[in-house]
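# Observations on the model geometry
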Amino acid sequence: MPSVNGADVRKVVIACDAGMGSSVMVASTLSKKLKKYDVAVVHMPVNEIPADTPVVLCHAGLADRARSIAPGAVIVPFQMFMGDPAFAKVENAIKGGGVLES
Amino acid sequence: MGSLSPDTQQVLGADAVRLGLAATDRLDALRQCGAVLVEVGAATEAYAEAILEREESVSTYMGEGVAIPHGTDASREHIKRAALAVLQFPDGVDWGGHQVQLCIAIASRSDEHISLLQSLAMVLTDKQRAARLRETNDIDEVLTLLAPQAEEDDD
């Protein structure tokens, strides 16, 4: 199972199907929160996730696809585009150096 | 008119902001979204169809009564130019258990629409401004609310 320490995360990928809607919305709110930890937040279609990506956030319905495209990445699924506990989980791990695992 | 820069105006024109609409259900609302994108020359009928398909897989409901319908990854070839359309349904539309009063329909192959969606994300974190977006009957107010702001370092 891929896992990563939040303190080592410098980049988080937000993926959705087309990369033009929901991932943009999630990325813009999350990048505001993570900017102070020097973590870049980018959005893209799930099919374009680079294989060496450490952490991917995506809707639960796309998690299996994300896993097949970036098997080495920690995949953090969410259900809601705003206010999902997954976003706080990632932020807290980055802030306090906790472990994130798929 | 409005307060959008010329670049942003190309993506969200006043002619693509439709307030005070009614829809019988989600499917009807999605069809209206696709029709506006086709009407303003942003996409073809095939893209409008893909909006229905995309919604089937994962809902585009974002919160605060707002959904952002758009096509699938594969349907991007049917986009002619980047555009957003704003469709307001004051009486609400049932969206898989959520009430949606505003749809922001998206057609884009690259990043031209990003700054508008970023400002939408900010509006949705502010309950009062989100309510204005759902309730206003002034097209200019919609354009002002969605106008991209300069980068600010808050919190």
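Note: the structure precedes this text.
Residues numbered from 1 in each chain as written. Chains lettered and ligands numbered in written order. Predicted model: local features only at pLDDT ≥ 70, side-chain atom pairs only at ≥ 80, totals over all residues. Heavy atoms only, no water.

### Here we look at the sheet that holds strand β4 (residues 83–95) of chain B
Residue and element names in this part refer to chain B. Cut-off, in case you're wondering: Following DSSP output, two strands are said to pair if at least two bridges run between them. Helical segments are the DSSP runs of H or I of at least four residues, strand segments are the runs of E of at least two, and each set is numbered from the N terminus.
The five strands lie next to each other as β1-β4-β5-β3-β2, forming an open sheet whose pairing is mixed. Among the strands making up the open sheet, the edge pair consists of β1 (17–18) and β2 (61–63). Both β2 and strand β3 (residues 66–67) contribute to a ladder of two bridges, which runs antiparallel. If you follow Y61 over to β3, its bridge partner there is A67.

### Remarks on the packing of aromatic side chains
Residues and elements named next belong to chain A. Which entries qualify depends on this criterion: Ring pairs are drawn from Phe, Tyr and Trp, using the six-membered ring of Trp, whenever the two centres fall within 6.5 Å, and their geometry is named by plane angle: stacked under 30 degrees, edge-to-face over 60, tilted for the rest. Burial here depends on accessible area, computed with a 1.4 Å probe over protein chains only, as a share of the maximum for the residue type. Under 20% is buried, over 50% is exposed, and the range in between is partly exposed.
A complete count under the given rule lists two aromatic pairs over all chains for this structure. Centroid distance F78 to F81: 5.6 Å. Interplanar angle 70°. Geometry classified as edge-to-face. With relative accessibility at 2%, the residue F78 sits in the buried group. Overall, F81 belongs to the buried group, its relative accessible area being 7%. Summarising the aromatic geometry, the rings of F78 and F87 are spaced 5.0 Å apart at their centres and angled 50° between planes, so their arrangement reads as tilted. Neither residue differs from the other here; F78 and F87 are each classed as buried. Three or more aromatic residues joined by ring pairs form one cluster here, namely F78, F81 and F87.

### Quick look at the sheet that holds strand β2 (residues 11–16) of chain A
Residue and element names in this part refer to chain A. The line we're drawing: Helix axes use the C-alpha atoms of the stretch in contact, all axes being lines fitted to C-alpha atoms, and the angles between their N-to-C directions lie in the range 0 to 180 degrees.
An order of β3-β2-β4-β5 is seen for the four strands of this open sheet, with the pairing classed as parallel. Either end of the sheet is taken by a strand with one partner, and the two such strands are β3 (40–45) and β5 (74–78). Across the sheet, the mean angle from the axis of one strand to that of its neighbour is 25°, orientation sign disregarded. Bridging between β2 and β3 involves six bridges; their strand directions are parallel. What sits directly across from V13, in β3, is V42.

### Brief notes about the environment of Q118 of chain B
Position of Q118 of chain B among the secondary structure elements: in helix α4 (residues 114–124). Residues Q118 of chain B and L146 of chain B, spaced 28 residues apart in sequence, show a C-alpha to C-alpha distance of 8.8 Å.

Without other data, these values stay purely geometric and don't point to any function.
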